[in-house]
Amino acid sequence: VPPEVVRGKRAALFFAAVAIVLGLPLWWKTTETYRAPLPYSQISGLNALQLRLMVPVTVVFTRDSVPLDDQEKLPFTVVHEREIPLKYKMKIKCRFQKAYRRALDHEEEALSLGSVQEAETMLAEPQEQSEGSLTVYVISEHSPLLPQDMMSYIGPKRTAVMRGIMHREAFNIIGRRIIQVAQAMSLTEDVLAAALADHLPEDKWSSDKRRPLKSSLGYEITFSLLNPDPKSHDVHWDIEGAVQRYVQPFLNALSAAGNFSVDSQILYYAMLGVNPRFDPASSSYYLASHSLPHVINPVESRLGSSAASLYPVLNFLLYVPELAHSPLYIQDKDGAPVATNAFHSPRWGGIMVYNVDPKAYNASKLPVRVEVDMVRVMEVFLAQLRLLFGIAQPQLPPKCLFSGPKSEGLMTWELDRLLWARSVENLATATTTLTSLAQLLGKISNIVIKDDVASEVYRAVAAVQKAAEELASGHLASAFVASQEAVTSSERAFFDPSLLHLLYFPDDQKFAIYIPLFLPMAVPILLSLVKIFLETRKSWKKPEKID
Amino acid sequence: MAANSFRSRALTALAGLLALSFGSLADSRIEDQAEQFFRSGHTNNWAVLVCTSRFWFNYRHVANTLSVYRSVKRLGIPDSHIVLMLADDMACNARNPKPATVFSHKNMELNVYGDDVEVDYRSYEVTVENFLRVLTGRVPPGTPRSKRLLSDDRSNILIYMTGHGGNGFLKFQDSEEITNIELADAFEQMWQKRRYNELLFIIDTCQGASMYERFYSPNIMALASSQVGEDSLSHQPDPAIGVHLMDRYTFYVLEFLEEINPASQTNMNDLFQVCPKSLCVSTPGHRTDLFQRDPKNVLITDFFGSVRKVEITTETISLQPDLGIMESSNKEDQIDEERMEPLKYAEQLPVAQIIHQSLFWKETAAHLGSWWNNTCVSGAHGAQEPAAVHPS
């Protein structure tokens, strides 16, 4: 065999070896999309997360509330755990941890005062309770602290008072009643169902009523005064004072739920998009309830809410109807005028119609000066704000005295309920985002995951796990903060602009790029390999024939 | 006998009445449930309207997009919920004989530009990348709110695209293309993040049906102006402006939409019948297999209009006009004012210093110069008397 042929064969084999052993892996590695490692197993584990929401309840027994031999058993702890039946992939369990103890001296003194409000003020001073926890005071069955027919009382600051019972099964009976009161003040199935309304598959249509605002890091609240007829009405409103006096305390009480910023504006010549109809019976104009949905859109473009901030915006509009259409009333479905003369739209805001007092027209000529009664207006706006946030009336146990909200308009345990709902909602959102990201990465093969995106994902997963732990140990405030961090990190990871780095290359375009590069190189190598293979096969067969 | 038969007849009649009333009761309940099932379940509407071609002779694409924009605004979607992308400015084009107008009907009947148009992405900002970023929400931080698609899982989104296209692609700005696979992947990314409740995709280009062939995400309905292999044709030229004003398909869609008002009950099946082959020359196509509801139950206003859910406010909370707090806060303001020292302004332009500094530098420069001269030029002869230097 001539040496050139052997050298030729060896050269061809060497070329092929380099191309296949070195070249192919190099090409494969350098053209794959960069994906920093992600904790896929942990993300799929999040879906099966078991959320345990613990509500620590301290139950304080006064001297005559339960029989003596039961009192000897104090202090001890009872746990009541229940699974919330929601069709959601995460199992949610609600755990009330009741710590029973005897009343201290100053508590006995406070609970023997005349009225329950005085008792509360005396009890509230020593300690501020942490978010999510409750205290229930059990007084004697015939105590005059509560009115005769009332069995329990729910106060504005995470405290409740309940009548004891002199019975063998005192602790069991009182325990059940305490659970009822505690559920009204913290967590019920309704609260969680409303929080998870966007994640539950069924009932897309009926849950429109309970559509609180989506959880967000902050909110922008805009108060607008609409004056369509400045020639007749010279409207003044002391919005700064009203915000300072009424709105700011409410928002300060809500400050744990997000950053709030408030602004206001006055719009002239802004009409409603709907023409009101005249009702001759009351000689007033009215807006029927079916025309209300068409009111908002024409006026929204003038509000400038898109320029305000990236946070969700809540608009509260005060409309002073023009002289030709005064007085203007809003009618409900049955045709009766609404007492508040206001309506709201979930996740958008509220509109109130303010009718000018007809006496103002008598003496003076146009334009008439109108001083808006901010108390009446703010009562409606704050009520709408509560509804938009999903702070609704709780389901009270029977025979329960309910003290209304204090001057701020918000009870502290209502804030707790909001924080519970928001934490669960945040965890659900974060888990969904992370799971969708993992699924997307599986489906679409050319999404790039850079290192900082991967670190955001790790942070989000850690935050979800931390939030679940904090919820299980009853620290509501830190759980809420962790859940917000989880949502922020997961959204930042999912919506990072770098994920869109590579546009799609269809297969035929890929071939069009690679063929001019690889084909001229590959064809000679392949052909020579084939030739070598055929020749070696011939040379194997030859010795047999000779033998 | 007669009494018996009468009684039995009365009983049967009563039974029949009872059965009827029960039936109607059950019927109304079933009807309620059925109505709920057929309703859409969306709470807000968004629209993304894209015109992808530039140059004066593509006037009709801008007119197409603006006429859909006009209809959508008229039916109630506010500007804050519309992302309008126009790749070229026809209204202010130097070749426009009627500046600040874009007409859709010949003889300049209808100016679709209007005076409150809000273009979010204009001119060279309309690129495939920006379009995909808008759809998937992966915009760079600092993008203003009007340029974002802030939809959520209860938003119905209308996406309208027009321009020059081919089999499987749509041309952007004469320099790049978006393929149908990219579009399908973008919609899948939107679905994974639940950025839409239902999506209506309308495309008016040549071979438009190829663009919706590859969709695979649920709840998408698509309409196109022509099938694969067919060209979409333009409608009529206007002799005064000198270009074709509209495309046929969008022209007839616009005529159809002009008859819709926010309360109308027209459904999607009527939209599918718009522009038959006799008028359009091309065959419009549609795709509804990914859509869950029956098209005859889908109202046009579900996508083109925007109706908000509204509730009457029945509760108020009671507030006391709390004057006490007001007074104390006034006092706080006064105290703050007293404590503040009177302000002084820093000198804005210290002229004297500037002149002094320039003189100073000139003197040192002169001194240095003379020292240099003396030491280097005169060499080792020793220092001579430095020449008197006067600041000039």
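Procedures and definitions
Residues numbered from 1 in each chain as written. Chains lettered and ligands numbered in written order. Predicted model: local features only at pLDDT ≥ 70, side-chain atom pairs only at ≥ 80, totals over all residues. Heavy atoms only, no water. UniProt positions renumbered as here; feature names shortened; annotations may be inferred. Helix = DSSP H or I, 4+ residues; strand = E, 2+ residues; numbered from the N terminus. Buried < 20%, exposed > 50% of the residue type's maximum accessible area, 1.4 Å probe, protein only. Areas by Shrake-Rupley, 256 points an atom, 1.4 Å probe, with all protein chains shown as cover. Contact = heavy atoms within 4.5 Å. Buried area = accessible area lost by both parts, 1.4 Å probe. Salt bridge = Lys/Arg side-chain N within 4 Å of Asp/Glu carboxyl O. Polar contact = N/O pair within 3.5 Å; in protein donor to acceptor, adjacent residues only side chain to side chain. Nonpolar A, V, L, I, M, F, W, Y, C, P; charged D, E, K, R; others polar. Pairing = 2+ DSSP bridges. Disulfide = S-S within 2.5 Å. Expected span 1.5 Å × (residues − 1). Phe/Tyr/Trp six-rings, centres within 6.5 Å; stacked < 30°, edge-to-face > 60°. Lys NZ or Arg CZ within 6 Å of the ring centre and 35° of its normal.

The name given to chain B in an unreviewed UniProt entry is GPI-anchor transamidase, with the source organism recorded as Equus asinus. You can read under Pathway (unreviewed entry) in the UniProt record for chain B the words "Glycolipid biosynthesis; glycosylphosphatidylinositol-anchor biosynthesis." Quoted verbatim from the Subcellular location (unreviewed entry) field of UniProt, the annotation for chain B is "Endoplasmic reticulum membrane".

Naming follows an unreviewed UniProt entry, where chain A appears as Phosphatidylinositol glycan anchor biosynthesis class S of Equus asinus. Quoted verbatim from the Pathway (unreviewed entry) field of UniProt, the annotation for chain A is "Glycolipid biosynthesis; glycosylphosphatidylinositol-anchor biosynthesis." Reading the Sequence similarities (unreviewed entry) entry of the UniProt record for chain A gives the comment "Belongs to the PIGS family."

A. Focus on the overall build of chain B. Counting its regular elements, chain B contains 10 helices and 11 strands. Scored against the burial criterion, the 392 residues of chain B give a buried share of 48%. For chain B, the exposed area adds up to about 20,400 Å²; of that, 56% sits on carbon and sulfur atoms.

B. Local environment of the interface of chain A and chain B. Taken together, the contact pairs 63 residues of chain A with 54 residues of chain B. In total, about 5,500 Å² of surface goes out of reach between chain A and chain B, with carbon and sulfur atoms giving 60% of it. Linking chain A to chain B there are four salt bridges. Of the charged contacts in the structure, one is a salt bridge between B:Glu188 and A:Lys443, with a shortest N-O distance of 3.0 Å. Our count for the chain A to chain B interface comes out at 13 residue pairs in polar contact (both at pLDDT 80 or more). Where the side of chain A that touches chain B is concerned, the elements lending two or more residues are helix 8 (239-253), helix 9 (293-303), strand 14 (342-345), helix 11 (374-389), helix 12 (412-443) and helix 14 (476-494) of chain A. Of all the elements, helix 11 of chain A adds the most residues to the side of chain A that touches chain B, at nine residues. Split by residue class, the side of chain A that touches chain B holds 31 nonpolar, 17 polar and 15 charged. Of the pairings in the sheet, the one linking strand 14 of chain A to strand 11 (residues 311-312) of chain B comprises two bridges and is antiparallel in character. Looking at strand 11 of chain B, one finds that A:His344 is bridged to B:Glu311.

C. View of the state of the cysteines. Scanning all chains against the criterion turns up one disulfide over all chains. Of the cysteine sulfurs around A:Cys94, a residue in no disulfide, the closest is that of A:Cys400, at 18 Å.

D. How the structure looks around the pattern of salt bridges. All names here are of chain B. A full pass over the atoms with the stated rule returns 29 salt bridges over all chains. Its salt-bridge partner being Lys73, residue Asp116 comes within 3.2 Å of it at the nearest N-O pair. Highlighted residues: Asp116 in the loop between strand 2 (82-86) and strand 3 (121-122) and Lys73 in helix 2 (residues 59-74), separated in sequence by 43 residues. According to the relative accessible area criterion, Asp116 is partly exposed, its value standing at 46%. Classification of Lys73 as partly exposed rests on a relative accessible area of 22%.

E. Quick look at helix 12 of chain A. With 32 residues, helix 12 of chain A should reach 46 Å at 1.5 Å per residue; the first-to-last C-alpha distance of 46 Å fits that figure. Most of helix 12 of chain A is tucked away, with 26 of its 32 residues classed as buried.

F. Local environment of the packing of aromatic side chains. Under the defined criterion, the tally for this structure stands at 26 aromatic pairs over all chains. Pairing A:Tyr100 with A:Phe171 gives two aromatic rings, centres 5.5 Å apart and planes at 55°, and the pair type is tilted. With A:Tyr100 in strand 3 (residues 91-102) and A:Phe171 in helix 6 (residues 170-185), the pair connects residues that are 71 residues apart, well separated along the chain. The pair A:Tyr100 / A:Phe171 is uniform in exposure class, with both members buried. Measuring from ring centre to ring centre gives 5.3 Å for B:Phe201 and B:Phe215, while their planes differ by 80°; the resulting arrangement is edge-to-face. One end of the pair, B:Phe201, is in strand 8 (residues 198-204); the other, B:Phe215, is in the loop between strand 8 and strand 9 (220-224), with 14 residues separating them in the sequence. Joined through ring pairs, the aromatic side chains of A:Trp27, A:Trp28, A:Tyr514 and A:Phe518 make up one cluster. It is B:Arg54 that lies over the ring of B:Tyr124; its NZ or CZ is 3.9 Å from the centre.

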